[in-house]
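# Summary of the model geometry
Below, each chain spelled out in residue letters.
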Amino acid sequence: MEAHLNVNIEAKPASRPRFRKNGSTYNAPAYVEYLKELSAVLSPLETEQIIKGDWNELEVKFYFSYPKSTPKKNRKVLEYMRYKCDCDNLVKPVMDVMQKLGWIDDDRQIAKLSVVKLQGELTPRIEISLYQLAIKYLQTYFKKLPTL
């Protein structure tokens, strides 16, 4: 079983929790707003494309446009993004929203995670693919699973 989603929203990395004077923590307002926006975009797709299930593979592609300060001669149609934000910080909000919507029980259930950051002359978006891996696939992928 598999599901594919295209989300036309610019990705933002997860920020570190902040501390109040009394020692309690909170998330940055911009990060909380991004989570709400991402949840609002993904929520209607739930009934159309996503069946709540035992998803165990997640593939996420993040597409970014060039900053306006990048000279046109240095721009390419599409290339890997190497310098802006860590992959784990980009995928964390996506997984948190999927957990909040009930698509996955916990992000620990994801056994295989693939994250790609791409940059080019394009519209910023996020492509999400969910898969439910079967044991047959795992056996062919790893040739032979060890017996317990």
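Computed from a predicted structure; not experimentally measured.

Counting secondary structure elements, the protein contains 4 helices and 7 strands. Overall, the protein shows an N-to-C arrangement of helices and strands of β-β-β-α-α-β-β-α-β-β-α. Looking at the protein residue by residue over its 148 residues, the buried ones come to 36%. By element, 52% of the accessible surface of the protein is carried by carbon and sulfur atoms, the whole surface being about 10000 Å².

The subject of this paragraph is the nonpolar core. Ranked by internal contacts, the top residues of the largest apolar core, which has 32 residues, are Leu38, Leu42, Leu58, Phe62, Met98, Ile126 and Ile128. Where this core is concerned, the elements lending two or more residues are β1 (2-7), α1 (29-42), β4 (57-65), α3 (87-101) and β7 (125-131). The leading source of residues in this core is α3, at 7 residues.

Before going further, it helps to spend a moment on the side chain of glutamine 119. Structurally, glutamine 119 can be placed in strand β6 (residues 112-120). With relative accessibility at 13%, the residue glutamine 119 sits in the buried group. If we ignore the near neighbours within four places in the chain, the residues touching glutamine 119 are Phe64, Ser65, Tyr66, Pro67, Val77, Leu78, Glu79 and Met81.

Turning to the packing of aromatic side chains, a few remarks are in order. Under the counting rule described, the total for this entry stands at 0 aromatic pairs. Geometry around tyrosine 63 places arginine 125 over its ring, the cationic atom sitting 3.9 Å from the centre.

Across the sheet, which stays open at both edges, the 5 strands sit in the order β1-β7-β4-β6-β5 with mixed pairing between neighbours. Two strands close off the open sheet at either side, each with one partner strand: β1 and β5 (78-80). Pairwise comparison of adjacent strand axes, ignoring direction, gives a mean angle of 20° for this sheet. Across 9 bridges, β4 lies against β6 in parallel orientation. Residue pairing across strands places phenylalanine 62 opposite lysine 117, the latter belonging to β6. In this fold α1 packs onto β1 and β7, with an angle of close to 125° to the strand it touches most, β1.

For β5 and β6, the ladder comprises 3 bridges, and the chain directions are antiparallel. Within β6, the residue paired with leucine 78 across the bridge is glycine 120.

Taking 1.5 Å per residue, 14 residues should reach 20 Å; α1 reaches 20 Å between its end C-alpha atoms and fits that length. Here α1 has its buried residues at Tyr31, Tyr34, Leu35, Leu38, Ser39 and Leu42. Along the axis of α1, the buried residues cluster in a sector spanning 130°; they form a single face. Across α1 from its buried face, at more than 90 degrees, point the exposed residues Pro29, Ala30, Lys36 and Ala40.

Reading the values: rules and limits
Residues numbered from 1 in each chain as written. Predicted model: local features only at pLDDT ≥ 70, side-chain atom pairs only at ≥ 80, totals over all residues. Heavy atoms only, no water. Helix = DSSP H or I, 4+ residues; strand = E, 2+ residues; numbered from the N terminus. Buried < 20%, exposed > 50% of the residue type's maximum accessible area, 1.4 Å probe, protein only. Areas by Shrake-Rupley, 256 points an atom, 1.4 Å probe, with all protein chains shown as cover. Core = buried A, V, L, I, M, F, W, Y, C linked by side-chain atoms within 4.5 Å. Contact = heavy atoms within 4.5 Å. Phe/Tyr/Trp six-rings, centres within 6.5 Å; stacked < 30°, edge-to-face > 60°. Lys NZ or Arg CZ within 6 Å of the ring centre and 35° of its normal. Pairing = 2+ DSSP bridges. Axes fitted to C-alpha atoms, helices over the stretch in contact; angles between N-to-C directions. Expected span 1.5 Å × (residues − 1). Arc of directions from axis to C-beta.

Such coordinate-based values are descriptive only and should not be taken to indicate function.
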